[in-house]
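Remarks on the overall topology
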Amino acid sequence: VLSRTTTVANVVLLRPRGSGGGPWLCVVNNHFFGDPGAPHVRMVQGALVLAICEEFITAAWQDHGLGDVALVVGGDFNCGSGEGLCEFLANGEVSETHPDWDASETFRWRTFNTDQPVGLCGGAEGCGRAAMQL
């Protein structure tokens, strides 16, 4: 999925200034896939970005013995507040019955700046549905 999109996610871990200056801060700036017919792709991208953040924070915690870590996720989500990506980011899960999964049944990858299909869901037959949970 990621190799077919222009997705970018920058992750940085900031330490507090001084001694006892509060929690560490993990900041993510992202740009999710903008095709309006691909809300299911954005949900998967969101899950991948959060999994990477978790790995990043865990590794830093092991190396530096971090205390609390706050997470800030911002950027261009390319979706409205009712889409599954926002539900996932707000609640930590999205149901397998969320309507955004319906797009996986009809979505076709296209070559850049054309309407020529290059395969359904990246070539996988029946992308199907999956419940996502943190």
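Here is what the cut-offs are and how they apply
- Residues numbered from 1 in each chain as written.
- Predicted model: local features only at pLDDT ≥ 70, side-chain atom pairs only at ≥ 80, totals over all residues.
- Heavy atoms only, no water.
- Core = buried A, V, L, I, M, F, W, Y, C linked by side-chain atoms within 4.5 Å.
- Buried < 20%, exposed > 50% of the residue type's maximum accessible area, 1.4 Å probe, protein only.
- Helix = DSSP H or I, 4+ residues; strand = E, 2+ residues; numbered from the N terminus.
- Pairing = 2+ DSSP bridges.
- Right-handed = clockwise from strand over helix to strand, strands pointing away.
- Salt bridge = Lys/Arg side-chain N within 4 Å of Asp/Glu carboxyl O.

So, the nonpolar core
In this structure, Leu13, Cys26, Met43, Val49, Cys53, Leu66 and Val94 are the most contacted members of the largest nonpolar core, which totals 16 residues. Only β2 (24-31), α1 (39-64) and α2 (84-91) provide two or more residues apiece to this core. Sorting elements by how many residues they give to this core places α1 first, with six residues. If you look at the next biggest cluster of nonpolar residues, it comprises five residues, including Phe33, Val41, Phe107 and Trp109.

Re the pairing of strand β3 (residues 69-76)
Across a regular strand the side chains alternate sides, sitting on one face of the sheet and then on the other. When β2 meets β3, the two strands line up parallel, connected through eight bridges. Across the sheet, residue Leu25 finds its bridge partner in β3, namely Ala70. Between the parallel pair β2 and β3, the chain is carried across by α1, and the sense of this crossover is right-handed.

Quick word on the pattern of salt bridges
Considering all chains together, one arrives at one salt bridge under this definition. Here Glu83 and Arg42 are joined by a salt bridge, their closest N and O atoms 3.3 Å apart. Linking Glu83 in the loop between β3 and α2 with Arg42 in helix α1, this pair joins segments that are 41 residues apart in sequence. The two residues Glu83 and Arg42 agree in class, both being buried.

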